[in-house]
Protein chains: 2
Amino acid sequence: MDRSVGIREVAEAARVSVGTVSNVLNKPDRVSQATLDRVLGVMDGLGFVRNGLARQLRMGTGTTLGMIVLNVANPFFADLAHACEAAGERVGQTVVLGSSDQLEAREDRYLDLFEEQRVRGMLVAPIDGITPRMRQLRARGMPLVLFDIHGDPGFCSITLDGRAGGAMVARHLIETGRRHIAFLGGPRHQVEDRWLGAQDVCAGNQGVRLSHVDTRDQTIAEGRAAGAVIEAMAKSERPDAVFAANDLLALGLLQALVLSEDIRVPEDIAVVGYDDIDYAQSAVVPLSTVRQSTELLAERAIELVLAESNDPEHEHQQLRLPPELMVRDSSAPR
Amino acid sequence: MDRSVGIREVAEAARVSVGTVSNVLNKPDRVSQATLDRVLGVMDGLGFVRNGLARQLRMGTGTTLGMIVLNVANPFFADLAHACEAAGERVGQTVVLGSSDQLEAREDRYLDLFEEQRVRGMLVAPIDGITPRMRQLRARGMPLVLFDIHGDPGFCSITLDGRAGGAMVARHLIETGRRHIAFLGGPRHQVEDRWLGAQDVCAGNQGVRLSHVDTRDQTIAEGRAAGAVIEAMAKSERPDAVFAANDLLALGLLQALVLSEDIRVPEDIAVVGYDDIDYAQSAVVPLSTVRQSTELLAERAIELVLAESNDPEHEHQQLRLPPELMVRDSSAPR
DNA sequence: TAGCCTACTTGAAACGTTTCATCTTTCATA
DNA sequence: TATGAAAGATGAAACGTTTCAAGTAGGCTA
């Protein structure tokens, strides 16, 4: 098969002009049925594939969105990317994905690449806030929506409301009769919003005690260690509920508690996590947790980036989405 | 800032020809230091960004590879995609990712999109084998490497050797003194290679018994159910090792066994999984498993696709990579 | 029959690069 | 003082599309 069969070769073979072939591709209704059929037939026969690069070059704007996440291998971002792809498809955009791997150099590389490829817009989960490179992009008119960064009026952004999530959990625990909630997680600044949310609610409830158990990071191992600490407490000192800053911590804690002889979940201690990772509902005791709907997040992000692309004068929006509480066995009422 | 600042605007402002500007970009050594500096300065001042589309259109070949996976949200593919991105970067290629979501329509959509965008080559994990569309792509000269499909001489492909993995596990269990191995997993055809590998080894070892416990699918819940079945067996009938077809099954089984009073892991029953998912090493008893190195897989896949791209007459290769056994506590010798 | 509308079709000009055959300048050498 | 080579700079052509003003038939109306 000849290497380059373009619109011109098709035109020649079908004995029409290139303009007509182009019309077949883009405005079939302006072409007579006879020519349409003939041209389509020739395309098939020659194995014509339209060159998207040339097309986009000429048209000035394409149909591709660039997305940069911290790490595709992180389930949350994998889900988010997936959801964005799906949401993009629904409105005829194709999302291509890059993973910055938490390296500034790679973040910049993808920003450059996408700008050179003239993507229609970008969705970015920044490694470390808004960089000068991003401001420059905006200044040049590139539509840009940020994840998990809040408040800068020069950008569209979209965040999950951790404070609201923390409040939800605390409210749920109190309503199901718990009186001493231990918040499990650290380092402090990484989990602050969830902690504050819990505090908001507990402060307003007489007779409810909220304590804080710090961790170095948020892994299963740390959760298990915390479990040992709680087990070693005098019964009277033990909390009757633990709100873990993420699911991994909660799962580790669960492992430790379930193996202990004298603590039952949820009867003696309720456990709630955060993130709703896949394994949460398959845990020994299915884990109550807070779900951050990636579908909704994605939908809104795509909306925002397209709005920005369609109207350069568009007013930036900072969205903050509420999460959703998933109640499972680990925090069932006694 | 003016909307379109191209090579021409730069040339004008720097009082040189467009050819020279292009040389500054592509062959800086053919330009005198003075002009180089001046042009670079102007580019910076004007905020010039080279148009990758036009460049690629003119050059005929780009630096982008298309990759299609079954589902980005699946940790294995997320890892694989991640590894491919990294491997691609090392050789100056950018990998863009699409997720077929197990839908033929989306698989086709990405194949079309990538072909229109004139990617340099594609890496595809096919939903359901080699489709006519893929043969057509190959026939038109598109470099194409398939994951997890074996044997078709018309394509480059790269597979993980499940039979070798199964054999490894069986050998390991026998060498550490186990005599009755239960293979846990189904439906049969999805796990056949691992089963056959185990069989190969057991058949050659006198006094070793291999039985099969079927499951409907490969989830934690199924694993837990299987645990209950084993617990209910008479002690004399119980296996002293379980080889689970994947980690989820193994984790579920582990949950069930650990909670039971009279079975200890690994003393009474050793458990080995398959895949080495993240949670495997954080399980209550860290899980022995078989690791499929995505790094290696990715490296080879990129090599293959580039080889095919550089030499159209290239001989297709069908690679089969051996997995790696990760021994952890769950199969420690007694 | 002239005039006009409709329905298609045409071909050249862009889009922003890279490439390459030429041209210009400079400078060392015979 | 020629001669030639080396180094740098030039500008038109090409890449494969879309767009659009202009052209051609054919048929309908008056």
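About the thresholds
- Residues numbered from 1 in each chain as written.
- Chains lettered and ligands numbered in written order.
- Predicted model: local features only at pLDDT ≥ 70, side-chain atom pairs only at ≥ 80, totals over all residues.
- Heavy atoms only, no water.
- Contact = heavy atoms within 4.5 Å.
- Buried area = accessible area lost by both parts, 1.4 Å probe.
- Salt bridge = Lys/Arg side-chain N within 4 Å of Asp/Glu carboxyl O.
- Polar contact = N/O pair within 3.5 Å; in protein donor to acceptor, adjacent residues only side chain to side chain.
- Nonpolar A, V, L, I, M, F, W, Y, C, P; charged D, E, K, R; others polar.
- Domains from an automatic or database assignment.
- Pairing = 2+ DSSP bridges.
- Helix = DSSP H or I, 4+ residues; strand = E, 2+ residues; numbered from the N terminus.
- Axes fitted to C-alpha atoms, helices over the stretch in contact; angles between N-to-C directions.
- UniProt positions renumbered as here; feature names shortened; annotations may be inferred.
- Least-squares fit on C-alpha atoms with pLDDT ≥ 70 in both.
- Core = buried A, V, L, I, M, F, W, Y, C linked by side-chain atoms within 4.5 Å.
- Buried < 20%, exposed > 50% of the residue type's maximum accessible area, 1.4 Å probe, protein only.
- Near = heavy atom within 4 Å.

Chain A has the name LacI family DNA-binding transcriptional regulator in an unreviewed UniProt entry, where Promicromonospora umidemergens is given as its organism.

Contacts between chain A and chain B engage 48 residues on the former and 49 residues on the latter. The largest per-residue losses of area from chain A upon contact with chain B belong to A:Leu53, A:Arg140 and A:Tyr279, which jointly make up 15% of the total buried on that side. Where chain A meets chain B, there are 8 salt bridges. For the salt bridge of A:Arg106 with B:Glu85, the shortest nitrogen-to-oxygen distance reads 3.6 Å. Between the two partners, chain A and chain B, sit 24 residue pairs in polar contact (both at pLDDT 80 or more). Taken together, the residues of the side of chain A that touches chain B break down into 21 nonpolar, 14 polar and 13 charged.

Before going further, it helps to spend a moment on the domain arrangement of chain A. Domain boundaries in chain A define domain 1 (7–50), domain 2 (62–161 + 294–322) and domain 3 (162–292 + 326–331). Taking the mean C-alpha position of each, domain 1 of chain A and domain 3 of chain A sit 64 Å from one another.

This part takes up the sheet that holds strand E1 (residues 64–69) of chain B. Sheet strands line up and pair through hydrogen bonds in the backbone, either parallel or antiparallel. Residues and elements named next belong to chain B. Strand order across the open sheet formed by 6 strands is E2-E1-E3-E4-E5-E11, with parallel pairing between neighbours. The sheet terminates laterally at strand E2 (94–99) and strand E11 (318–321), the two strands that pair on one side only. The average undirected angle you get between the axes of adjacent strands in this sheet is 20°. Looking at chain direction, strand E5 (residues 156–160) and E11 are connected through 4 bridges and run parallel. Within E11, the position partnered with Leu160 by the bridge is Leu321.

Looking now at the UniProt feature "domain: HTH lacI-type" (unreviewed entry) in chain A. Mapped onto the present numbering, the UniProt feature "domain: HTH lacI-type" (unreviewed entry) falls at residues 5–59 of chain A. Helix makes up 71% of residues 5–59 of chain A and strand 0%. Its end C-alpha atoms lie 21 Å apart.

Superposing chain A onto chain B takes a rotation of 180° combined with a translation of 0.0 Å along the rotation axis, leaving an RMSD of 0.1 Å. Here the symmetry operator amounts to a two-fold rotation axis. A share of 100% of interface residues in chain A that are also interface residues in chain B marks the association as one of identical surfaces.

With 86 residues, the main nonpolar core has A:Val271 and B:Val271 as its most contacted residues. One finds A:Cys156, B:Cys84, B:Leu160 and B:Leu319 within the second-largest nonpolar core, a separate group that totals 58 residues.

Turning our attention to the sheet that holds strand E9 (residues 270–272) of chain A. All names here are of chain A. Ordered by their spatial adjacency, 4 strands build an open sheet running E7-E6-E8-E9, and the pairing between neighbours is parallel. Looking at which strands have only one partner, the edges of the open sheet turn out to be strand E7 (209–213) and E9. Sheet twist, expressed as the average angle between the axes of neighbouring strands with direction ignored, equals 20°. Strands strand E6 (180–184), strand E8 (241–244) and E9 of the sheet are contacted by helix H11 (residues 247–259), whose axis makes an angle of about 155° with E9.

Take the protein's contact with DNA strand D next. Residues in close proximity to DNA strand D total 25 residues, the closest being A:Ile7, A:Arg55, A:Arg58, B:Ser17 and B:Thr35. A share of 69% is what sugar and phosphate atoms reach among the atoms of DNA strand D within 4 Å of the protein. B:Thr20 has a polar side-chain atom sitting 3.1 Å from a phosphate oxygen of DNA strand D. For the surface near DNA strand D, the secondary structure elements donating two or more residues are helix H1 (7–14), helix H2 (18–26) and helix H4 (52–59) of chain A together with helix H2 (18–26) and helix H4 (52–59) of chain B. The greatest single-element share of the surface near DNA strand D, amounting to 4 residues, is contributed by H4(A). Among the residues making up the surface near DNA strand D, the classes are represented as 8 nonpolar, 11 polar and 6 charged.

As a further point, take the protein's contact with DNA strand C. In the vicinity of DNA strand C there are 26 residues, among which A:Ser17, A:Thr35, B:Ile7, B:Arg55 and B:Arg58 approach most closely. Restricting the count to atoms of DNA strand C within 4 Å of the protein gives a sugar and phosphate share of 70%. A distance of 3.0 Å is found between a phosphate oxygen of DNA strand C and a side-chain nitrogen or oxygen belonging to A:Thr20. Take B:Arg58: an N or O atom from its side chain is 2.5 Å from a base oxygen of DNA strand C. Residue assignment for the surface near DNA strand C shows that the elements contributing at least two residues are H2 and H4 of chain A together with helix H1 (7–14), H2 and H4 of chain B.

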